[in-house]
Amino acid sequence: MRSRTGGALLLCGLTVAIIGCTPDKARQPGSPPTPGAAGAGDTYYPNDGNGGYDAVDYHVSVSFDPGEGILDGDTTVTATATQHLSRFNLDLRGLEVTSVEVDGTRAEFVREGEAELVITPATPVREGTTFRTRVRYGGKPQEANGYQLGANGWQQSASGGAFVLGEPHSAAFWYPVNETPRDKATFRLDARVPDGWSAISIGTEEGTTSADGWTTWSWSEQTPVASYLTTLAVDKFDIERTKLADGTPVLTAYAPGTESKRADGDRVGEVIEFLGEHFGEYPLDTAGGIYLAEEIGFSLETQGRPTYAEWADLETVVHEIAHQWYGNSVSIDSWADICLNECLASYSQWLWAEGKQDMDLDERYHDAIQRVRGDERFWSAKLYDMGAGNEFGGVYDKGILAVHALRRQIGEEAFARVLPEWSAAHRDGNASWPEFERFVTDIAGQDLGEFFDTWFRGTAMPADEFLFPGSLRR
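Since this is a predicted model, take the numbers as computed values, not measurements.

Caption draft 1: Structural view of the overall build of the protein chain. A count of helices and strands for the protein chain gives 12 helices and 24 strands. The C-alpha radius of gyration computed for the protein chain amounts to 23 Å, which stays within 12% of the reference 23 Å derived for 474 residues, consistent with globular compactness. Taken along its principal axes, the extent of the C-alpha atoms in the protein chain is 70 × 60 × 40 Å. Buried positions account for 58% of the 474 residues belonging to the protein chain. Carbon and sulfur atoms form 46% of the exposed surface of the protein chain, whose accessible area is close to 18,400 Å².

Caption draft 2: Quick peek at the nonpolar core. Among the nonpolar cores identified, the biggest contains 147 residues, and Trp174, Leu232, Tyr365 and Trp455 are the most heavily contacted of them. Among the elements that take part in this core, helix 5 (residues 339-357) stands out by supplying nine residues, more than any other. Each residue touching leucine 232, except ones within four places of it in the same chain, is listed here: Val62, Trp154, Ala162, Phe163, Val164, Trp174, Leu189, Ala191, Ala199 and Ile200.

Caption draft 3: Seen up close, a negative patch on the surface. A surface patch of like charges, here negative, comprises Asp447, Glu450, Asp464 and Glu465. Assignment of secondary structure puts glutamate 465 in helix 12 (residues 464-467).

Caption draft 4: Inspection of the domain arrangement of the protein chain at higher detail. Partitioning the protein chain into structural domains gives domain 1 (33-138 + 172-224), domain 2 (237-328) and domain 3 (331-467). The three residues of domain 2 that bury the most area against domain 3 are Phe274, His319 and Tyr326, which together make up 34% of that side's buried surface. Here domain 2 is connected to domain 3 by two salt bridges. Put simply, glutamate 281 and arginine 427 hold a salt bridge, and the shortest N to O gap is 3.6 Å.

Caption draft 5: Representation of the sheet that holds strand 20 (residues 287-291) within the structure. The strand order across the open sheet built from four strands is 18-19-20-22, with neighbouring strands paired in mixed fashion. Single-partner strands in this sheet number two, and they are strand 18 (238-243) and strand 22 (307-308). With two bridges joining them, strand 20 and strand 22 adopt parallel strand pairing. By the bridge assignment for strand 22, tyrosine 291 is matched with tyrosine 308.

Caption draft 6: Representation of the environment of glutamate 206 within the structure. Tracing the backbone shows glutamate 206 in strand 15 (residues 204-211). Residue glutamate 206 is classed as exposed on the basis of its relative accessible area, which comes to 51%. When the C-alpha positions of glutamate 206 and tryptophan 219 are compared, they lie 5.3 Å apart, and in sequence the two are 13 residues distant. Ignoring anything within four residues of it in the chain, the contact list for glutamate 206 reads Ser218, Trp219 and Ser220.

Caption draft 7: Molecular detail of the UniProt feature "domain: Peptidase M1 membrane alanine aminopeptidase" (unreviewed entry) in the protein chain. UniProt marks residues 314-455 with the feature "domain: Peptidase M1 membrane alanine aminopeptidase" (unreviewed entry), using the numbering shown here. Helix makes up 64% of residues 314-455 and strand 4%, with an end-to-end C-alpha separation of 28 Å.

Caption draft 8: Here's a closer look at the sheet that holds strand 7 (residues 105-106). A sheet is described by the order of its strands in space; here eight strands give the open sequence 7-6-10-4-3-13-16-15, paired in mixed fashion. Only two strands of the sheet have a single partner each, and these edge strands are strand 7 and strand 15. When strand 13 (residues 185-194) meets strand 16 (residues 214-225), the two strands line up antiparallel, connected through nine bridges. Within strand 16, the residue paired with arginine 188 across the bridge is serine 220.

Caption draft 9: Looking closely at the pairing of strand 18. Bridge count for strand 18 against strand 19 (residues 249-254) is six bridges, and the pairing is antiparallel. Directly across from glutamate 240, in strand 19, lies its bridge partner threonine 252. Between the end of strand 18 and the start of strand 19, which pair antiparallel, lie five residues, with glycine 247 showing a positive phi angle near 95°.

Caption draft 10: Focus on the UniProt feature "domain: Aminopeptidase N-like N-terminal" (unreviewed entry) in the protein chain. Taking the numbering used here, the UniProt-annotated feature "domain: Aminopeptidase N-like N-terminal" (unreviewed entry) corresponds to residues 57-229. Helix makes up 0% of residues 57-229 and strand 57%, and the two end C-alpha atoms of the span are 14 Å apart.

Caption draft 11: Seen up close, the pairing of strand 10 (residues 130-139). Across 10 bridges, the pairing between strand 4 (residues 70-81) and strand 10 is antiparallel. Looking at strand 10, one finds that aspartate 72 is bridged to glycine 138. Here strand 6 (residues 96-102) pairs with strand 10 via six bridges, running antiparallel. By the bridge assignment for strand 10, valine 102 is matched with threonine 133.

Here is what the cut-offs are and how they apply
Residues numbered from 1 in each chain as written. Predicted model: local features only at pLDDT ≥ 70, side-chain atom pairs only at ≥ 80, totals over all residues. Heavy atoms only, no water. Helix = DSSP H or I, 4+ residues; strand = E, 2+ residues; numbered from the N terminus. Rg over C-alpha atoms; globule rule 2.2 N^0.38 Å. Buried < 20%, exposed > 50% of the residue type's maximum accessible area, 1.4 Å probe, protein only. Areas by Shrake-Rupley, 256 points an atom, 1.4 Å probe, with all protein chains shown as cover. Core = buried A, V, L, I, M, F, W, Y, C linked by side-chain atoms within 4.5 Å. Contact = heavy atoms within 4.5 Å. Patch = residues over 30% accessible without salt bridge, like charges linked within 9 Å, V, L, I, M, F, W, Y side chains within 5 Å. Salt bridge = Lys/Arg side-chain N within 4 Å of Asp/Glu carboxyl O. Lys, Arg positive; Asp, Glu negative; His and termini not counted. Charge placed at Lys NZ, Arg CZ, Asp CG, Glu CD. Domains from an automatic or database assignment. Buried area = accessible area lost by both parts, 1.4 Å probe. Pairing = 2+ DSSP bridges. UniProt positions renumbered as here; feature names shortened; annotations may be inferred.

Right under this line is the structure:
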């Protein structure tokens, strides 16, 4: 994600309760079935996601008529039970559920709280079993909720279409999901819209079929994806299809009014090639973008095909494509770890300026330090474990300075290893910020504890030894 104002300063313009048994006993054959947890365990958003299963695949089928604003959905969630389940939850906001089936047999269900769909199958699901839950639902999607950088969820576009976008929440606004980045899964979508409208999503374009005045657009993302990185955008898009040099398909969709964005969209291949020199092999099977003519507060790294706000520029393209390595391929374990995504993606903008514009980054760093030296608010933003609702307070500006200081602290050779080796080591998985600290420390062969504490956990300007390491020292 890149906010509209994120980085403006520096860019010169951007406890688990165990009830009645131990975990080992719970896994023994013959143990009684128990409910899956109503949250995935992230302390920032304890109600997000669910326990008791791992999602494997989502097959989402929706029909949406922009004129009426009504969405009808039929989604099948394939999952593997991680305990003997008497019941389990999915996340779904608004929308009326009409039926639920588990492995083809009708199941009981109730709605609880803001987003819980509680499902009780006719027969408990045994641990280790792969099971399929089909949910039919519909109605007018709930309007997006406000969040730190802007609205998260389903939104109407100025052209009369709609799109769904947000971090940490968006998927549960339009399909039942285990809404936590800890549970990545493959994703398929069949989106039916009236003829003349396009339904753009992530993954490989599988084709379209038309009947009775409606067109169904089919998409498939076979690289596991965190649910907030899925999307649906309905508009009268102008679509361009090309390929990267290695044959990777590129699909870019331009909403009416975004004609001026083509110059940036045409540089996707160049950006991927440049970032690949620093980060390693591009980790996804598709590339491209979705350009919206919407004045929203952020652009988002929707998997393989980022979604851009009206104000997005080339630096935003660089930032969102960098996320395909840091955030998408390697996803956070907890929202406290968000610097793993945003600090590294933000620093990609500096790498671009250095490599493409011959910018002296040490000089740029010193200029930035001069501007924020006495700014207590700037330095008070923590970069790790910053607290719920504060995830994006410092990662776009202080985060860039911290990564550049880290680069100078460990030296060019070590830094050049960190970026690609980190993404390769955790490809298609999840990781935490403390893991990253240990990873960098091992490569650098230095004791970096105090450095990481002062820069990433601290709330004051670092002492000079950490503020000006290596070539930054004058």
